[in-house]
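Structure assessment
The lines below spell out each chain.
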Amino acid sequence: MGEMLSVKNINVFYGSIHAIRDVSFHVDDGEIVTLIGANGAGKTTTMHAISGLLKLQSGEITYCGEIISKMEAHKIIRLGLSQVPEGRRVFSGLTVQQNLMLGAYTRRDGKEAIQNDFDMVYELLPRLKERRSQPAGTLSGGEQQMLAIGRAMMCKPKMLLLDEPSMGLSPLLVKEIFKIIRDVNRNGVTVLLVEQNAKMALEIANRAYVLETGTIKMEGDAHELANNIEVRKAYLGC
Ligand code: ATP
């Protein structure tokens, strides 16, 4: 497996706040990698730095061999790196189908390829198919999260960045969303998952990084980290 995403010594500031300090990690082709950390650890900031929404003070981010850290966000999406933002942000006045269609707007390939992906997304997320003519604002929280994932899949990504997909969902729905993430990965999409729900994230990930106040404190095999005493105390509550 080759390296798909490489984050090297990045630093991000908000004014005088040094939010990300010399953070380095990588994601290999085909993996699910999770970045876990408490509130304010810098998870969302790291995601936004990768997707081009925030500028780096220093460091470099490479994706599929190309430096993306100075690239505009829409160009990064076109390379197949697609973000599912925190808080879902679906267009509530548009239908499920229209929201999905918006996910395909950066694509240059033909109608047929896009139709195939509609079929693929509806197969992966059958609940969306049932509700395709319904305004997205009338979906439940979990369904909106599914729609946000489906919309990102319509960009035909090689890699998905997921920012706290479990936020605000019941334990049952969290399970369902994590199963979907696993299915997405089995469909050949590499995943970088940012989560506060360390327990679930460590269950589906291959490898993990622990972010604390803007720095990587620990890293390793997800299963090993889930059994690490420090991680258990700080993030798993046991
Ligand atoms: P959460 O799980 O609560 O979303 P997080 O790990 O995603 O947390 P970030 O949102 O990346 O954390 O925030 C990292 C740090 O940067 C925090 O201390 C936060 O207060 C600060 N921060 C984030 N956005 C801004 C901003 N726009 N201006 C100033 N400081 C910010």
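Residue positions are given per chain, counted from 1 along the sequence in the order it is written. With the structure being a predicted model, the display of local features is reserved for residues of pLDDT at least 70 and the display and counting of side-chain atom pairs for 80 or more, all residues being used for whole-chain, interface and lining totals. The side-chain quantities take in all heavy atoms of the structure and omit both hydrogens and water.

Next up on the list: the packing of helix α3 (residues 96-103) against helix α4 (residues 111-124). Axis definition: a line fitted to C-alpha atoms, limited for helices to the stretch in contact. Angles are taken between N-to-C directions and run from 0 to 180 degrees. Strands here are runs of E lasting at least two residues and helices are runs of H or I lasting at least four, both read from the DSSP assignment and numbered beginning at the N terminus. Look at α3 against α4: their axes get within 11 Å of each other, and the N-to-C directions meet at 125°. The orientation of α3 relative to α4 falls into the category oblique. Seen along the crossing, α3 lies across α4 with a hand that is right-handed. Residue-level contacts link V96, Q97, L100 and M101 of α3 to I114, F118, V121 and Y122 of α4. Ten residue types, Ala, Val, Leu, Ile, Met, Phe, Trp, Tyr, Cys and Pro, are classed as nonpolar, four, Asp, Glu, Lys and Arg, as charged, and the remainder, Gly among them, as polar. Its residues placed into classes, the contact of α3 with α4 shows seven nonpolar, one polar and no charged. For classification purposes, an angle smaller than 35 degrees is called roughly parallel, one larger than 145 roughly antiparallel, one from 65 to 115 roughly perpendicular, and anything else oblique. Crossing handedness is read from the near helix: turned anticlockwise from the far helix by less than a right angle, it gives a left-handed crossing, and turned clockwise, a right-handed one. Note on definitions: a residue-residue contact is assigned when non-hydrogen atoms from the two residues lie within 4.5 Å.

Here we come to the environment of A148. Residue position: A148 is located in helix α6 (residues 141-153). Remark: exposure states derive from per-residue accessible area (1.4 Å probe, protein chains only) relative to the maximum for the residue type, with buried under 20%, exposed over 50%, and partly exposed in between. We classify A148 as buried; its relative accessible area is 2%. Each C-alpha atom of the pair A148 and N99 lies 8.5 Å from the other, and the pair is 49 residues apart in sequence. A148 has contacts with V84, R88 and V90, leaving out every residue within four places of it along the chain.

The salt bridge definition used is simple: a Lys or Arg side-chain nitrogen within 4 Å of an Asp or Glu carboxyl oxygen. Here the structure, examined in full by the defined rule, presents eleven salt bridges. With its nearest N and O atoms 3.9 Å apart, the salt bridge here joins K75 to E72. K199 is the partner of E203 in a salt bridge, and the nearest nitrogen-oxygen pair spans 3.3 Å. You can see E203 and its partner K199 sitting in helix α8 (residues 198-204), four residues apart, about one turn around the helix. Residue E203 is classed as partly exposed on the basis of its relative accessible area, which comes to 48%. Three or more residues joined by partner-sharing salt bridges are found here, namely R127, E130, R131, E143 and E176.

Each regular strand carries side chains that alternate between the two faces of the sheet. For two strands to count as paired, DSSP must find a minimum of two bridges between them. For strand β1 (residues 3-14) and strand β4 (residues 58-63), the ladder comprises five bridges, and the chain directions are antiparallel. Note that in β4 the partner of V7 across the bridge is I61.

Once that is clear, we can look at the side chain of S69. Of note, S69 is situated in the loop between β5 (66-67) and α2 (73-78). Residue classification places S69 among the buried positions, given a relative accessible area of 10%. Two N or O atoms form a polar contact when they lie within 3.5 Å of each other; inside protein one atom must be a possible hydrogen donor and the other a possible acceptor, and for residues adjacent in sequence the pair counts only when both atoms belong to side chains. Separated by 3.0 Å, the side chain of S69 and the backbone nitrogen of I61 make a polar contact.

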